[in-house]
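# Observations on chain architecture
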Amino acid sequence: MAKGVGCRGGWAIGVVFMVCCVTSQDLKGDSRSLADLAGKIDDWLEDLHETTSDTNVLRRDYNGDDNVEIERVRTEPMVQEMAGDVNRLLSDKRKALQKIVQHLEDATATYLWKDDLELNTSHPLLMKYLDPGNDSHEMQMDERLGVAVKYNISGIHVPLEVYEGWLWPNIREHREQDPEILNGLSWSSTVDRVFRDNFDADQTLMWQYFGAQTGFMRVYPATTWYVPPNLIDLYDARLRPWYVQGSVPPKDMIILMDRSGSVHGQTFTIMKWAVKTLIDTLGENDFVNVAAFNDTTEWVNNCTYCKVNGTEEDNEDCHQVLVQASTSNKKLLFRAIDELEDGGIASYSNALEFALKAFKEYSQTKERGEGAQCHKTIMLFSDGGTEWPEEIFKKYKADEDTKDVRVFTYAVGPHPIPTAVLKQMACSTGGQYSVITTRSSVRTKIQESYTSLLSPAHPLNGNLSDQYTTAYTSAVTEELTISLTRPVYNMSDYANTSDLLGVAGIDVPIQSLKNLSPFEALGPNGYTFIINHNGFIVMHPRLSPQLSYLLGPPHIDLLDVEEETNETTFIRKRMANGTAGSESVLGKIRIDDSHSVVYSTIQYTWTPITDTTYSLGIVNLQRSHHMIIHNQNGYSVAEQFNTTDTLIAPWPYCRGRQASDSVTRVKDFIKDVSERKGLCKKLGQNELAQGLLWSQSWTQELLKQWKKDRWSKDDLIGRVIFTRFGLTRFHPESQKQGALRWHDPWYNPALRRGELSSRIAILPHSLGAFLSAPVKVAKNYEVMAGVVGVNLTASYLHSEFKTMLMRTEWNKDYLLLLVDDGGLIVTSNEVELHGVTLQGMFLGDLNMPLMEHLHNASVYNMDKRVNTQAICKESKTKGTSAGPRSFHIPNPLKLVAGFLIDILSWADYLRYMIFSCVVALMSPSVEAWSEWGMTQIGGQESCVMAQAVYYFGENTRHSAVMTCSNHTAKFWVRRLVKANAILVAIETKPEECGVYSSLPNITPERVTSVKPCAYQARFRRRPSSCLMGNSTDYCNKSSHPTAASLGTILSVLLISKFLGSIF
């Protein structure tokens, strides 16, 4: 019996062994056949491109041409030269800014205060009323700025709360007669002369402005103020990054939120809005965290970070740190604040000891570069109470790490609860007490609450350091820009507020910095970038425009757009530290959103920009070359440009700032060359313009040949040539929109591939595929001069592919797929598979686990690319939650002691209640997020998207058997040599496989799950100077010229009692 079983078992093993041997032999045999076929497909693709592109017209011998030179790219002198150019550009702006500040401060010293000023006699030019279409406004289109302006005067913008207020006419009239604002408009108006002189003296100078502490903003030249569709004008210069950074030194801030039961409902909602508004006023040099308290206190994101082993653990070596007030960190705090619920009884003592202890701990444990190391503030939000934490203040006032902490308090909510203790806390620590009664008063009260007190006093030595912002969106142009700012101080004795009167600034558009780049020399895979001392991007090709100017700075870190490796982390640290260097790294070059190529020698070279907080970097391919062109006859060539078949890149060929429309750029270039204007005054010395003219001559015969050819539109969609000098030629005219997307070589996938390899580059799409190949010029060295591409239809590709197969010895009844390096199907010997069209389809979406096999075999690798600058459809935010209401029972003795002090504050409190209620009733509805610019226009908002990106791995061939639901199928893979594609042969069955790949699709998906403790903390260089705030005592100052009379106080109390009996 045993013997029989053993025999049968041996027979079964033998059968399996024979089957395996046969399968293995089949795989090897067909693999060899597939290799032969892959070689023939390589040749077919080359012939197909050559036949359809007419590239041979461009090939010529340049060895005897003295007008063409090819040189090695040397990045070290290149980065130094560009850094010097940037420094000179910014130095000119610093000098102009100094003139503005000097004039404004001199004006305050000689100005005589006027009590009888009225708005109708001041005649401020409100920019929101300017209309370029109205001839009476006498506006002119400015070529430099790209908008219609008035040169003779600066325009005025005022926040909604300052003038308009959406109030009843009598209240609005009262606001408009504010003597501080009217006198500010009067004394600052003389700066227009300096604005004009600066603008005329520097042809690269853009917008100049002055933002006043009272709220108005003066902009030169005057232009129309843009308000986003379906929104009211929420812009307030005092809340913008350039103003905050220029007016208030860096801060370490802990925010305490009362979440006891008494803040239930509307009060808690207002408090959340107020805290988020406060956080949004903070800049990248500030550090912050938020804690919520009732009878206990804890961080809203209860995170600990262990510096010993880099993990989150609960032990004495792990600490909760303050986090940098970057945009990404703010969003994490906003999310946690939204999720807070109320309940319990408040304890001020517990909350303040928690915050002061955290400051002490942070001072002892923070790493180099962490923290502001300037101001220390506690911002306490509560609806009121009577507990006086005297012992806590005594204990920590004597401590070296906490003795300078100032407490700012905010009484929040419309219902009267005693707030004298809150005011006393602020006054005893050098802080300030504020009242926020309604949502409508949040922005103004937050802005007024601390900026005046923390703004630096004018330095006795007169030495002020200019502030340089990171990139943000300008409200005037809606373009990415940076600002140079400097505070303006009051040099007279008339003002009864802070020494700080406002902030003067000058915009430097990012495009102005980019225009200084050595465009052609770097090639399509090279680029320039600038980061600041925090590692945040100031300029980078992958820095995206923001959705709205109401948003804060994007705060995109260098490692958010560059591949984060040990090498790039090291480069970022050196740049943030202000040192120069060069590093060669192995990395992936991003071809487009769906394709990457591994490349071994990417060169980073960097240097600090003198007298700034910026550092400049240059990226290019190591050992690359570029072209230098001479002696091009300007106008005779330029006049041949035809806007119906020619585009030029948005590069500064002859002018410092190009128009946004490519047709206009072509016309401007022709005009500048013919009239020797702008940078074309000395055309022979302009290498970029010379290269553009050469490209025009070089491609002229190719364009003529295309127009002679008679290709059917059913076969060939269109043809295009992109040159390294930024010239694009296309045919037919219907291809213009497609060519326009790639007309900038720094964003052109075809040029990028052409510089990396001489192979045919294939980009599949649902209608067919785009095939391109580089055209190189050789003279001592070889360099890519351009790329010629043909856009072929799916039907033509399929037909030609099948015709080519018929000419070969391939006779296998297999499904053949030509797939690019991103996993997209280029063409196939079948149009459909089980009713699904194959053209342009992602391989992982097929009804078979093929992509998973190829990934496991390292034929393909995969990365998850995260885009932190994406724009998505607006998602609903979680509403404010509220728990059961509870009451704080005050200490009777302290209540009696504070009662008289508290009574005096009720008059002001009631005034704000009435005023804010009117605002809330009369104002249009504005969502809470819009109050500080986070929810956006047209149902869109900023978001984070993640996308799987596939690229070729180490393995160039593979064969295996994949398992389906009811059968198995053999497949073979071979990578092509002359194109970015693989050939796949699959044994097909009549029935579907029924098993899909488990790998992610290439479609971008929104990231909705965020780790609450995923704070971004990277190396930074702390600003070197800290100017401390002034010593003005706000607690002993009245907000009105005369104090409230006893009769007024009694009247207010009677009204309050009467209202209380009604409600």
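Residues numbered from 1 in each chain as written. Predicted model: local features only at pLDDT ≥ 70, side-chain atom pairs only at ≥ 80, totals over all residues. Heavy atoms only, no water.

## Structural notes on the overall build of the protein chain
Of regular secondary structure, the protein chain possesses 28 helices and 42 strands. Of all 1063 residues assigned to the protein chain, the portion counted as buried reaches 57%. When contacts within the protein chain are restricted to residue pairs at least 6 apart in sequence, long-range pairs at least 24 apart make up 75% of them. Total accessible area on the protein chain stands at roughly 45,300 Å², and carbon and sulfur atoms take up 52% of it. (Helix = DSSP H or I, 4+ residues; strand = E, 2+ residues; numbered from the N terminus. Buried < 20%, exposed > 50% of the residue type's maximum accessible area, 1.4 Å probe, protein only. Contact = heavy atoms within 4.5 Å. Areas by Shrake-Rupley, 256 points an atom, 1.4 Å probe, with all protein chains shown as cover.)

## Some remarks on the packing of aromatic side chains
For the coordinates displayed, the defined rule picks out 32 aromatic pairs. Ring geometry for Y235 and Y549: centres 6.0 Å apart, planes at 70 degrees, overall edge-to-face. Taken together, the residues Y235 in the loop between β7 (222-223) and α8 (241-247) and Y549 in the loop between β22 (537-539) and α17 (558-561) connect sequence positions 314 residues apart. Seen in terms of ring centroids, F519 and W746 are 5.2 Å apart; in terms of plane orientation they differ by 35 degrees. Their pairing is tilted. Remark: W746 occurs in the loop between α22 (736-741) and α23 (749-756) and F519 occurs in helix α16 (residues 519-522); sequence separation between them is 227 residues. On the basis of relative accessibility, which here comes to 3%, the residue F519 falls in the buried class. (Phe/Tyr/Trp six-rings, centres within 6.5 Å; stacked < 30°, edge-to-face > 60°.)

## A few points about the sheet that holds strand β32 (residues 781-793)
Here we have six strands laid out as an open sheet, ordered β27-β29-β28-β32-β31-β30, and antiparallel in their pairing. Strands at the two margins of the open sheet, each flanked by one partner only, are β27 (646-648) and β30 (761-765). Strand after strand, the sheet turns through a mean of 20 degrees between neighbouring axes, direction not considered. Packing against the sheet, helix α21 (residues 687-708) makes contact with β27, β28 (716-723), β29 (727-731), β31 (768-779) and β32, and its axis sits at approximately 10 degrees to β29. Along the sheet face, helix α24 (residues 794-806) touches β31 and β32 and points at about 100 degrees away from the line of β32. (Pairing = 2+ DSSP bridges. Axes fitted to C-alpha atoms, helices over the stretch in contact; angles between N-to-C directions.)

## Focus: the packing of helix α9 (residues 266-280) against helix α14 (residues 442-454)
The geometry of a pair of packed helices is captured by two quantities: the angle between their axes and the separation between those axes. Between α9 and α14, the shortest axis-to-axis distance is 10 Å and the interhelical angle comes to 50 degrees. In terms of their interaxial angle, α9 and α14 are classed as oblique. Every pair of crossing elements has a handedness; the one defined by α9 and α14 is right-handed. Residues I270, W273, A274, T277 and L278 of α9 form the contact with α14, whose own contacting residues are V442, R443, I446 and Y450. Here the contact of α9 with α14 is built from residues that sort into seven nonpolar, one polar and one charged. (Parallel < 35°, antiparallel > 145°, perpendicular 65-115°, else oblique. Left-handed = near helix turned anticlockwise from the far one by under 90°. Nonpolar A, V, L, I, M, F, W, Y, C, P; charged D, E, K, R; others polar.)

## Brief notes about the pairing of strand β16 (residues 433-436)
The two faces of β16 match: Y433 and V435 on one face and S434 and I436 on the other face are all buried. With four bridges joining them, strand β15 (residues 406-412) and β16 adopt parallel strand pairing. What sits directly across from T409, in β16, is Y433.

## A few points about α14
Relative to the 18 Å expected for 13 residues at 1.5 Å per residue, α14 spans 19 Å between its end C-alpha atoms, a close match to the ideal helical length. Counting buried positions along α14 yields 12 of 13 residues, so the element is predominantly enclosed. Taken together, the buried positions of α14 are V442, R443, T444, K445, I446, Q447, S449, Y450, T451, S452, L453 and L454. (Expected span 1.5 Å × (residues − 1).)

## Focus: the confidence of the model for the protein chain
Interpretation of this model should avoid reading the predicted coordinates in detail wherever pLDDT is low. Counting all residues, the mean pLDDT for the protein chain is 83, and 82% of those residues have values of 70 or more. Here residues 877-936 is modelled with pLDDT under 50, and outside its nearest four sequence neighbours on either side it reaches 125 contacts, counting other chains as well. When the criterion is pLDDT under 50, residues 1038-1063 qualifies, and its contacts beyond four places in sequence or with other chains add up to 14 contacts. (pLDDT = per-residue confidence, 0-100.)

## Quick notes on unusual backbone geometry
Glycine aside, a negative phi is what most residues show, and trans is what most peptide bonds show. Here the bond from Y220 into P221 is cis, since omega is -10 degrees, no more than 30 degrees from zero. Note on placement: P221 falls in the loop between β6 (217-220) and β7. Not every positive phi belongs to a glycine, and R623 is a case in point at roughly 60 degrees. You can see R623 is positioned in the loop between β25 (614-621) and β26 (625-629).

## A short note on the state of the cysteines
Formally, a disulfide is one covalent bond, and it connects the sulfur atom of one cysteine to the sulfur atom of another. One pass over the full model with this rule turns up three disulfides. Residue pairing for C654: its cysteine sulfur links by disulfide to C680, the two sulfurs lying 1.5 Å apart. Linking C654 in the loop between β27 and α20 (662-675) with C680 in the loop between α20 and α21, this pair joins segments that are 26 residues apart in sequence. Here the two residues C654 and C680 agree in accessibility, since each one is buried. There is a disulfide in this structure between C964 and C993, and the S-S distance comes to 2.1 Å. Between C964 and C993 the disulfide shows an S-S torsion of about -100 degrees. By sign, it is left-handed. Of this pair, C964 sits in the loop between β39 (957-963) and β40 (968-975) while C993 sits in the loop between β41 (981-986) and β42 (1005-1006), placing them 29 residues apart in sequence. (Disulfide = S-S within 2.5 Å.)

## Some points on the pattern of salt bridges
Enumeration over the complete set of coordinates arrives at 33 salt bridges. Among the salt bridges present, the one from E448 reaches K445, with a minimum N-O distance of 4.0 Å. Linking E448 with K445, this pair stays in helix α14, spanning three residues, or about one helical turn. For E448, a relative accessible area of 36% gives the class partly exposed. The structure contains a network of salt bridges with shared partners spanning D557, D560, E564, R572 and R1018. (Salt bridge = Lys/Arg side-chain N within 4 Å of Asp/Glu carboxyl O.)

## Some points on the pairing of β26
Burial within β26 is extensive, with five of its five residues counted as buried. Where burial is concerned, the two faces of β26 agree: the one with H625, M627 and I629 and the one with H626 and I628 are both buried. Relative to β26, strand β1 (residues 68-72) runs antiparallel, the two being bridged by five bridges. For R72, the partnering residue across the bridge sits in β26 and is H625.

## Remarks on the sheet that holds strand β3 (residues 148-150)
Ordered in space as β2-β3-β7, the three strands form an open sheet in which the pairing is antiparallel. Looking at which strands have only one partner, the edges of the open sheet turn out to be β2 (140-141) and β7. In this structure, β3 lies alongside β7, joined through two bridges in antiparallel fashion. In the sheet register, K150 faces β7, and the bridge partner there is A222.

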